[in-house]
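Each chain is listed here by its residues.
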Amino acid sequence: MLRLPVGERPELLAHPADATPGGPGGRSAGHAAADALGKRLAGLQERLHAAATAGDRRRVLLVLQGMDTSGKGGTVKHVVRHFDPAGCRVRGFKAPTEEERGHDFLWRIRKALPEPGEIGVFDRSHYEDVLVARVRELAPHSEIEGRYDRINDFERSLTRDGTTVLKCFLHLSYEEQKRRLLKRLDNPRKRWKFSPGDIEDRALWPAYQEAYEIALERCSTAATPWYLVPADHKWYRNWAIGRLLLEHLEVLDPQYPKPDYDVAACRERLLKAP
């Protein structure tokens, strides 16, 4: 239900950000359903991590994109908490550093990719270079246009190397973003998350929505589609992304490796040992 059609430009205004398609039916039920996913997610992650010790190169990359306050960090906090940190790699991408600006825009992304057996999570990603860069005119238009094909080639190479790429656009409404920004200002413990630049970005909301529509159209392929997750309801966002992760891990169906030693003999030795 959340998967966007390949090759079609979505009209974001036609997708209610407060919708709960396929959801468990309300906030309380949503929290319970999200928690219920935890054990199954943890078990599959452990199997994926274990399989890598026997040469299985498969891994998962969860890409989270969305406007400020859409819940990228919240998703990491509530969904990724089920995973063993040893098999999970979380990376956030802000404005590039001076060193990063001296390289190709995919350079810093390649350095942060998950290893075999890991689940990687990107809080923002390489898509910033066709979103912020487009809206803020940080690069020539011709260069930005060429990045869509480069992103597709890059993601295609990831899938060929055993990476399952799960891309989620957290779809937030203009009104809900204002409410969340006001909460940050009203709560002294949340003010560190606020920046005056957030107000400036709200003035550019239509341009950002257009930039997202273009990216969702140009970079949604059969192998790496985009999923549009309504994000006005935090409980639904967390449940939906947890469910998507679970479905993708179940398709992979990683298995514990068979031991390369005689289990019975080792057990007997341990029993006889002092």
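Rules used throughout
- Residues numbered from 1 in each chain as written.
- Predicted model: local features only at pLDDT ≥ 70, side-chain atom pairs only at ≥ 80, totals over all residues.
- Heavy atoms only, no water.
- Pairing = 2+ DSSP bridges.
- Helix = DSSP H or I, 4+ residues; strand = E, 2+ residues; numbered from the N terminus.
- Axes fitted to C-alpha atoms, helices over the stretch in contact; angles between N-to-C directions.
- Parallel < 35°, antiparallel > 145°, perpendicular 65-115°, else oblique.
- Left-handed = near helix turned anticlockwise from the far one by under 90°.
- Contact = heavy atoms within 4.5 Å.
- Nonpolar A, V, L, I, M, F, W, Y, C, P; charged D, E, K, R; others polar.
- Patch = residues over 30% accessible without salt bridge, like charges linked within 9 Å, V, L, I, M, F, W, Y side chains within 5 Å.
- Areas by Shrake-Rupley, 256 points an atom, 1.4 Å probe, with all protein chains shown as cover.
- Salt bridge = Lys/Arg side-chain N within 4 Å of Asp/Glu carboxyl O.
- Lys, Arg positive; Asp, Glu negative; His and termini not counted.
- Charge placed at Lys NZ, Arg CZ, Asp CG, Glu CD.
- Buried < 20%, exposed > 50% of the residue type's maximum accessible area, 1.4 Å probe, protein only.
- Expected span 1.5 Å × (residues − 1).
- Disulfide = S-S within 2.5 Å.

Colleague: Whenever I open this one, the sheet that holds strand S2 (residues 88-92) confuses me. Can you help?
Modeller: The strands that make up a sheet are held in pairs by hydrogen bonds between backbone atoms, and each pair lies either parallel or antiparallel. The 5 strands are arranged S2-S3-S1-S4-S5 in an open sheet whose pairing can be described as parallel. This sheet does not close on itself; its edge strands, each paired only once, are S2 and strand S5 (226-230). Between one strand axis and the next, the sheet turns through 20° on average, direction left out of account. As paired strands, strand S1 (residues 59-66) and strand S4 (residues 163-171) are joined by 8 bridges and run parallel to one another. The partner of Leu 62 across the bridge, within S4, is Leu 166.

Colleague: I'm lost on the packing of helix H1 (residues 27-52) against helix H10 (residues 234-252) in this one. Help?
Modeller: The geometry of a pair of packed helices is captured by two quantities: the angle between their axes and the separation between those axes. One can describe the packing of H1 onto H10 by two numbers: an axis separation of 9 Å at closest approach and a directional angle of 30°. The angle between H1 and H10 places the two elements in the roughly parallel class. Two packed elements cross with a definite hand, and for H1 against H10 that hand is left-handed. The residues of H10 that touch H1, namely those facing Arg 27, Gly 30, His 31, Ala 33, Ala 34, Leu 37, Arg 40, Leu 41, Leu 44 and Leu 48, are Trp 235, Trp 239, Gly 242, Arg 243, Leu 245, Leu 246, Leu 249 and Glu 250. Its residues placed into classes, the contact of H1 with H10 shows 11 nonpolar, 3 polar and 4 charged.

Colleague: Would you take a moment to explain a positive patch on the surface for this structure?
Modeller: Taken together, the side chains of Arg 27, Lys 77, Lys 183, Arg 189, Lys 190, Lys 193 and Lys 234 define a basic patch exposed on the protein surface. Residue classification places Lys 234 among the partly exposed positions, given a relative accessible area of 48%.

Colleague: Just checking my understanding: could you explain the packing of helix H2 (residues 72-79) against H10 for this structure?
Modeller: Two numbers describe how H2 lies on H10: the axes approach to 10 Å, and their chain directions differ by 65°. The handedness of the crossing between H2 and H10 is right-handed. Facing H2, whose interface residues are Gly 74, Thr 75, His 78 and Val 79, H10 presents Arg 237, Asn 238, Ile 241, Gly 242 and Leu 245.

Colleague: What is the right way to look at helix H9 (residues 205-218) in this model?
Modeller: Note: α-helices contain 3.6 residues per turn, so residues at a spacing of three or four share the same orientation. With 14 residues, H9 extends 20 Å between its outermost C-alpha atoms, agreeing within 8% with the 20 Å of an ideal straight helix rising 1.5 Å per residue. Where H9 is concerned, the buried positions are Trp 205, Tyr 208, Gln 209, Ala 211, Tyr 212, Glu 213, Ile 214, Ala 215 and Leu 216.

Colleague: So what exactly am I meant to see when it comes to the state of the cysteines here?
Modeller: What is meant by a disulfide is a covalent connection between two cysteines, made through their sulfur atoms. According to the stated counting rule, one finds 0 disulfides in the structure shown. In this model Cys 168 remains outside any disulfide bridge; the closest cysteine sulfur is found in Cys 88, 14 Å from its own. The exposure class of Cys 168 is buried, given its relative accessible area of 0%.

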